[in-house]
Amino acid sequence: MNRLAFQLYSARNFQPFSAFYPVLAAAGYDSVEGYGGIYSELDDAAVEALKTDLDANGLTMPTAHFGLDMLESDPDKVIRIAKALGIERVYCPHIAAELRPTDHAGWQAFAARLDTAGEKLRAAGLGFGWHNHDFEFQALPDGTVPMQILLDTAPTIEWEADIAWIIRGGADPFDWIERHGDRITAVHVKDIAAEGEAKDEDGWADVGHGTVDWARLFTELRARTPARLFIMEHDNPADAARFATRSIDWVRKTLEQQA
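Just so it is clear, the model here is predicted, and its values are computed rather than measured. (Residues numbered from 1 in each chain as written. Predicted model: local features only at pLDDT ≥ 70, side-chain atom pairs only at ≥ 80, totals over all residues. Heavy atoms only, no water.)

Side note on the overall build of the chain
- When you go through the chain residue by residue, the secondary structure sums to eleven helices and ten strands.
- Across its three principal axes, the chain shows a C-alpha extent of roughly 50 × 45 × 35 Å.
- Looking at the chain as a whole, 52% of its 259 residues qualify as buried.
- Taking contacts inside the chain between residues at least 6 apart in sequence as the whole, the part at least 24 apart equals 78%.
- Of the roughly 10800 Å² of accessible surface on the chain, a fraction of 50% belongs to carbon and sulfur atoms. (Helix = DSSP H or I, 4+ residues; strand = E, 2+ residues; numbered from the N terminus. Buried < 20%, exposed > 50% of the residue type's maximum accessible area, 1.4 Å probe, protein only. Contact = heavy atoms within 4.5 Å. Areas by Shrake-Rupley, 256 points an atom, 1.4 Å probe, with all protein chains shown as cover.)

As for the pattern of salt bridges
- Under the defined criterion, the tally for this structure stands at 16 salt bridges.
- A salt bridge links D206 to R242, with the nearest nitrogen and oxygen atoms 2.9 Å apart. One end of the pair, D206, is in the loop between β9 (204-205) and α10 (214-224); the other, R242, is in helix α11 (residues 240-258), and 36 residues separate them in sequence.
- Measuring nitrogen to oxygen at the nearest pair gives 2.8 Å for the salt bridge that ties R224 to E220. Residue R224 and its partner E220 are both found in helix α10; the two are separated by four residues, about one turn of the helix.
- Among the residues examined, E220 registers a relative accessible area of 21% and is labelled partly exposed. (Salt bridge = Lys/Arg side-chain N within 4 Å of Asp/Glu carboxyl O.)

Points about the pairing of strand β7 (residues 184-189)
- By the criterion of burial, β7 is predominantly enclosed, with six of the six residues buried.
- Bridge count for strand β6 (residues 158-162) against β7 is four bridges, and the pairing is parallel. Counterpart to E160 in the pairing with β7 is A186.
- Summarising the sheet, β7 and strand β10 (residues 229-232) pair through three bridges and their orientation is parallel. Residue pairing across strands places V187 opposite F230, the latter belonging to β10. (Pairing = 2+ DSSP bridges.)

Concerning α10
- Inspection of α10 places W214, L217, F218 and L221 among the buried residues, and these make up the whole buried set. Buried positions in α10, seen along its axis, are confined to an arc of 100° and lie on one side of it.
- On the buried face of α10, the contacting elements are α8 (163-168), α9 (173-180), β7, β8 (191-192), β10 and α11. (Arc of directions from axis to C-beta.)

Description of the packing of helix α6 (residues 104-123) against helix α7 (residues 146-153)
- Look at α6 against α7: their axes get within 9 Å of each other, and the N-to-C directions meet at 45°. Overall, the two elements α6 and α7 adopt an arrangement that is oblique. Two packed elements cross with a definite hand, and for α6 against α7 that hand is right-handed. On the side of α6, the interface is formed by H104, W107, Q108, F110, A111 and L114, while α7 contributes P146, I149, L150 and T153.
- Of the residues assigned to the contact of α6 with α7, the class counts are seven nonpolar, three polar and no charged. (Axes fitted to C-alpha atoms, helices over the stretch in contact; angles between N-to-C directions. Parallel < 35°, antiparallel > 145°, perpendicular 65-115°, else oblique. Left-handed = near helix turned anticlockwise from the far one by under 90°. Nonpolar A, V, L, I, M, F, W, Y, C, P; charged D, E, K, R; others polar.)

Some points on the environment of T144
- Along the chain, T144 falls in the loop between β5 (127-131) and α7.
- Linking T144 and H104, residues 40 residues apart in sequence, is a C-alpha distance of 7.0 Å.
- In contact with T144, other than residues within four places in its own chain, are H104, A139 and I149.
- Among the polar contacts listed, one links the side chain of T144 to the side chain of D142, at a separation of 2.5 Å. (Polar contact = N/O pair within 3.5 Å; in protein donor to acceptor, adjacent residues only side chain to side chain.)

Some words on the nonpolar core
- In this structure, L8, F66, W130 and W214 are the most contacted members of the largest nonpolar core, which totals 81 residues.
- Ignoring any residue separated from it by four or fewer positions in sequence, one finds L8 in contact with F17, Y21, L24, V32, E33, G34, Y35, I38 and M61.
- Membership of the second largest hydrophobic core comes to five residues, among which are Y91, A186, L229 and I231. (Core = buried A, V, L, I, M, F, W, Y, C linked by side-chain atoms within 4.5 Å.)

The following block contains the structure:
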C-alpha cells in the first residue's frame, strides 16, 4: 500500500508545527517525516509531547532524518527518540560542503563511517540509510561518482532517493532506479519549476506542477523498488499549506489512475 507523507522541513518557516499538523491531516496525510533540527533540543518529556501531538492529528512518523554528528555522538538518544515516536527507519540526510570528501578514497571512508553509524541502529531493529542531494552525482576527478561509491562500499545501507536532487545533480533518475532500485526504501517526492519560474521558491514547484515526470516515476518506483512511502517535500515554499494540499491531491489522483 502506498503511504503519502510530508517532510516537516518543508514547513520549518511556518511555525508552530502544532498548528500545521491539522492542515496536513485535513489534506489527507497519514504520516510525516522529521528532521534533525526538531530533535536536537528535545528531552524525553518533549518527545512524548510531540508524539501526543501527532497522535491527536492521526499522524505517524515512520521515517526521520538525523545528522551524522548525533548518530555518531549519541546513538542511544537517536534510538530512544525513534522508539518513542514509532520511527521505523532513520536516514542520514547531508554532509556540509566543507566536510565532503574530494576523492574516491575519501568517499569510501565516508561510506564506512555511515555503515558503522548504522550498526547500533540496525541492532535496535531500525532501518538505516542515506538521503541524497545533488552533490553525490557529480563526478570526482577520476570519473567515479560518490553515490555509486556509497552504495558499493556500504552494501547494508538503505537509500532514501530524493529524485529532484538526482535530476539537479545532472543524473538520470530512471537509470539509478533501474540499477539500484532494490536499495531504495523511501522516496522524496519533489518537483522542479520550469526554467525562470518560482525564483522566490528556489526553483522548486508543487508536486505535479513542475517539470519532473512523476507519473512515469511512480510506475517505475513501484515496479523496481520496495519503497511504498512517498514523502512530499519543497525546500522553500512561499505557502506550505498550498504546497502540502496541491501536492497530495495531484499524487493521490495519479496513483489512483495507475492502480
